[in-house]
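Results of the structural survey
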Amino acid sequence: MGLFLFVGLFLAMLLCLLRNDEASAINWRRGPVLLPSRRKILHALRLLLSYISNFPSNFVVMVVASLPPKASEFYWSESQEPHATRRREILAAHPEIKELFGPDISAFPKIVVAVSVQLWTAIYLGDASWILITTVAYFFGAFLNHNLFLAIHELSHNLAFSTPFYNRMLGIFANLPVGIPMSVTFQKYHLDHHRYQGIEGLDMDIPSYTEGWVVTNVFFKVLWVLFQLFFYALRPLFLNPKSPGLWEASNFIVQFIFDMILLYMYGWKPFVYLLLATFVGGGLHPIAGHFISEHYVFNKGQETYSYYGPLNLLAWSVGYHNEHHDFPRIPGSRLWKVRQIAPEFYEELAYHESWSEVIYMYITDSTIGPFSRVMRKLQPGILKKC
């Protein structure tokens, strides 16, 4: 388009030269066409050749100049995160919300069923082709493993049992089909995400500056979405490492023994299927859209977003994310009641209608990227208990 525009301008300029040159007055009807002076023709040709020779760089400059500006810094806020304040206001207006607190007795059987179905599927695919294994992993296994990942999220808030010990044990069990030990470590960092939402160096849900500087175009955004589980896993090791404890060791040992038994008894294919289900289910997959939808700023001034669509049925209602951060002691199965009881606190908030659309917008919108997060400094009085 830039080339056509310039050629048009060049022809217009050439016409002006023809019309204004005294030595080249034209009698279109009666006389011969007289050429403009040689000096002016050569000058115009040099301009055109200069543009053509520099077309790649000129085109890039034109395209970049036409794009919206990219974010180069986080959205810094001097205020505390909004959920503690809204929690107090909701409880003052609707004290009956407290009746929703406490464990969900259906969590244990749901986790057992999901683990059993996923392991049966993995073993059943032991003699399948790699194409079938990959297809089933994306269209079926990814939903199950992501369901178990979000079950671990639920257990990190002690929402299956009243006793933390049993929640951790169930979390290690739910971790088995995931293939990689992560349940206990996830709980440590996820509770920090609630306590210190947006606080620099403490909330490991926020991308690093390196991610923000590198992930600035469609190509790198696609790679980032594909491998975002690796970024979530590795980011804390560099930005906020924590010494592993007895529970981490237990998680690792149980997972290692399980993986070795699976490999010894059924071979590589069931194990690879589980890993693929984990990887694709946390990457470029509809159910993984919640990673981006929850806290990336799509509406300036709002840092947490809910999603009320059907995928909540497979995702422990994690889409009710404003409600979850307002009341982390309410299990996902009851979060919809929070919005039902106190609609006046949520009706004015922006929300997402599709996790797939969120991924698409994140990749294609140059104004959205890893820097599209609210960040704040640690201040006295901001610490709180989840």
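Everything here concerns the structure above.
Structural notes, computed from the coordinates. Quantities reported herein were computed from a predicted structural model and do not represent experimental measurements.

**So, the overall build of the chain**
- Assigned secondary structure in the chain consists of 17 helices and four strands.
- By the burial criterion, 44% of the 386 residues in the chain qualify as buried.
- Considering only intrachain contacts with a sequence separation of at least 6, the fraction spanning at least 24 residues in the chain is 78%.
- For the chain, the exposed area adds up to about 20600 Å²; of that, 67% sits on carbon and sulfur atoms.

**Examining the environment of Lys110**
- Within the fold, Lys110 resides in helix 5 (residues 107-124).
- Overall, Lys110 belongs to the partly exposed group, its relative accessible area being 37%.
- Sequence-wise, Lys110 and Ala151 are 41 residues apart; in three dimensions their C-alpha atoms are separated by 9.0 Å.
- Among residues more than four places away in sequence, those in contact with Lys110 are Asp104 and Trp316.

**A few points about the pattern of salt bridges**
- All chains considered together, the criterion is met by nine salt bridges.
- Where Arg376 meets Glu303, a salt bridge forms, and the shortest distance between an N and an O atom there is 2.8 Å. One end of the pair, Arg376, is in the segment after strand 4 (374-375); the other, Glu303, is in the loop between helix 14 (290-293) and strand 2 (306-307), and 73 residues separate them in sequence. For the pair shown, Arg376 and Glu303 are each scored as buried.
- When salt bridges with common partners are traced through the structure, they connect Asp192, Arg195 and Lys242 into a single cluster.

What counts as what
- Residues numbered from 1 in each chain as written.
- Predicted model: local features only at pLDDT ≥ 70, side-chain atom pairs only at ≥ 80, totals over all residues.
- Heavy atoms only, no water.
- Helix = DSSP H or I, 4+ residues; strand = E, 2+ residues; numbered from the N terminus.
- Buried < 20%, exposed > 50% of the residue type's maximum accessible area, 1.4 Å probe, protein only.
- Contact = heavy atoms within 4.5 Å.
- Areas by Shrake-Rupley, 256 points an atom, 1.4 Å probe, with all protein chains shown as cover.
- Salt bridge = Lys/Arg side-chain N within 4 Å of Asp/Glu carboxyl O.

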